[in-house]
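Coordinate analysis (summary)
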Amino acid sequence: MADDGAILIGKSWKAEHLLLKLANRHGLVTGATGTGKTVTLQVLAEGFARNGVPVFAADIKGDLSGIAAPGDSKPVFVKRAEEVGEKYEPDQFTTVFWDVFGEQGHPVRATISEMGPLLLARLLDLNETQEGVLNIAFRIADEQKLLLLDLKDLRAILGFIAENAKDLTTKYGNVTSQTVGTIQRALLVLENQKGDMFFGEPALDIADLMKTDRYGRGIVNIMAADKLMANPRLYATFLLWLLSELFEQLPEVGDLEKPKLVFFFDEAHLLFNGAPKALLTAVEQVVRLIRSKGVGVYFVTQNPLDIPDTVLAQLGNRVQHALRAFTPRDQKAVKAAAETFRQNPKINTAEAITQLAVGEALTSTLEGKGTPTIVERTLIAPPMAQVGPCSVQIRQQALVESGFKGKYDTMVDRESAYEVLASRKNLTPDGEPVEASTTGDGGILDTIGGWLGGTTERPKTGPGSRGGRMPQSMAEKVLTSAARSAATTIGRQVGSAILRGVLGSMMGGKR
């Protein structure tokens, strides 16, 4: 609980609050594993929701889903509530569950076009040259008005580039089939990791994350990320895409009495590991400017060194749980964390960071005109909803009551780049040759098989030959069947060898 316009974080020698009107100045929650970061995240999420602010949070371990279930009046929670000066009142919050894979929540999708070449190159781990070819693919798709919605659309446009590389090089720069092939292999790896489930339609409508319930409370959006973490690059790219979409779609609103949405990045180090400079610059700009869109961004990670300095400088509200100084790098992290706070002459900040108990943290939030408070050693308030995962029944009930059932559940595949380019090649949408184009297997097998099958004209040889179609003999039918079977099941080279052998034996080795 808290005073109007503020969220109670916990208690030092006084109550420690996060002011809603300054919550869009972003924040940071750090600490070693098992020190209470997830509980702090839940306390903040409950506070925002209780004050009518929608929340989006990634649930890495599944523990945050308990916010959808009422809390339990366990003695430890009741005692903690009394210690921070409030009464423990079990509560639960309207929750919408999302899942890229559609298993534990409503499916979340984005189109290839929405993702854009920069984030997609990051996702595929492309080098500068490969990213350049990817940019060419997007440019050509735009010029030819080809929709890039899913992975097969991107594959199709890359195939088009490879086939026309010579012509395109003079206009867009060097394009090689080898580079295109490398990108295609990266797409295959992504597809094998179920990344193809993320790309397509219907794409997520950002407005669906910014709703309140019938009681005026902010809806808590939980992204199931336990399986998504098996592909950390997809997880990081998804979160960056979502942040970029919010930035692009939301209007400028300046400073509000409370944020329009609060966004929690758990395991935030994954966003920046190995990220190219261009991407880091883009993230920094978005974090700095999205404040004016009424969105607060809170990074949750183990170590403050995980966050680039340019981004760290934008995070005004801080909660620092315990860090352990076992190695030189740990000691450096403790020192860096201590130096980011406005110092309190009564506290040795660096020493306190290593001595904090579970459920304790050093806190500093913005006040007045946006200046940080001096750091205080704070006992974190208990969540009022359930701590730990909710039951399957509660999750299923939330899915039914969310209002999105049927909106995102079924993927839609409308005409886009793949279908358009396939039609130009006289192919069916499944990539098979249409009946009018060819019925053979291509190359020499097509010629001989078609000839023996009566689908093409025989060469005009011999006196009286009129070049017309002739009925197949039984031997010719066998040859036709053998040719097609060889091409499809053994392979073109082996099939051709078999066919040449059969023809040679029939014709006595004569041409």
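Relevant structure appears above.
A few points on the structure. This one's a predicted model, so the numbers in the text were calculated from it and none came from an experiment.

We now examine the overall build of the chain. When helices and strands are counted, the chain shows 18 helices and 14 strands. Per-residue burial for the chain yields a buried fraction of 49% across its 511 residues.

The next point concerns the sheet that holds strand β9 (residues 295-301). Reading across the sheet, the 12 strands line up as β2-β1-β14-β11-β10-β3-β9-β8-β4-β7-β5-β6 and stay open at both edges, with mixed pairing between neighbours. Each edge of the open sheet is held by one strand with a lone partner, namely β2 (15-19) and β6 (106-107). As defined by bridge partners, strand β4 (residues 55-59) adjoins strand β8 (residues 261-266) across three bridges and the pair is classed as parallel. Following the sheet pairing, F56 is matched in β8 by F263.

Right, let's get into the pattern of salt bridges. If you walk through the whole model with that rule in mind, you get 18 salt bridges. Among the salt bridges present, the one from R291 reaches D255, with a minimum N-O distance of 3.0 Å. Here the residue R291 occupies a position in the loop between α10 (277-289) and β9, and D255 occupies one in the loop between α8 (232-249) and β8, the gap between them amounting to 36 residues. Residue classification places R291 among the partly exposed positions, given a relative accessible area of 28%. Put simply, E46, R50, D91 and R217 are held in one network by salt bridges that share partners.

This paragraph deals with the side chain of R122. Residue position: R122 is located in helix α3 (residues 112-124). Within the buried core, R122 has no salt-bridge partner, and the shortest N-O distance to an opposite charge, that of D125, equals 6.5 Å. Of note is the side chain of R122, whose polar atom sits 2.9 Å from the backbone oxygen of N273. Those residues in contact with R122 that sit more than four places away from it in its chain are R233, A236, T237, L270, L271, F272, N273, G274, A275, P276 and L279.

Looking now at the packing of α8 against α10. It is the contact of α8 with α10, at a shortest axis distance of 10 Å, that shows an interaxial angle of 45°. It follows from the interaxial angle that α8 and α10 lie oblique. Like other packed secondary-structure pairs, α8 and α10 cross with a definite hand, here left-handed. For the pair α8 and α10, the contacting residues are L240, L243 and F247 in the first and L279, V283, V286, V287 and L289 in the second.

Before going further, it helps to spend a moment on the packing of aromatic side chains. Going through the model one piece at a time under the given rule, you end up with 16 aromatic pairs. Aromatic pair F56 and F263: ring centres 5.2 Å apart, planes at 20°, arrangement stacked. Residue F56 is found in strand β4, and its partner F263 is found in strand β8; the two are separated by 207 residues along the sequence. Each member of the pair, F56 as well as F263, is classed as buried. Their ring planes at 70° and their centres at 5.6 Å tell us that W98 and Y408 sit as a pair that is edge-to-face. One end of the pair, W98, is in strand β5 (residues 95-99); the other, Y408, is in the loop between α14 (392-401) and α15 (417-424), with 310 residues separating them in the sequence. In this pair, the class of W98 matches that of Y408, namely buried. Pairwise contacts between aromatic rings join F56, F198, F199, F238, W241, F263, F265, F272 and F299 into one cluster.

What counts and what doesn't
- Residues numbered from 1 in each chain as written.
- Predicted model: local features only at pLDDT ≥ 70, side-chain atom pairs only at ≥ 80, totals over all residues.
- Heavy atoms only, no water.
- Helix = DSSP H or I, 4+ residues; strand = E, 2+ residues; numbered from the N terminus.
- Buried < 20%, exposed > 50% of the residue type's maximum accessible area, 1.4 Å probe, protein only.
- Pairing = 2+ DSSP bridges.
- Salt bridge = Lys/Arg side-chain N within 4 Å of Asp/Glu carboxyl O.
- Lys, Arg positive; Asp, Glu negative; His and termini not counted.
- Polar contact = N/O pair within 3.5 Å; in protein donor to acceptor, adjacent residues only side chain to side chain.
- Contact = heavy atoms within 4.5 Å.
- Axes fitted to C-alpha atoms, helices over the stretch in contact; angles between N-to-C directions.
- Parallel < 35°, antiparallel > 145°, perpendicular 65-115°, else oblique.
- Left-handed = near helix turned anticlockwise from the far one by under 90°.
- Phe/Tyr/Trp six-rings, centres within 6.5 Å; stacked < 30°, edge-to-face > 60°.

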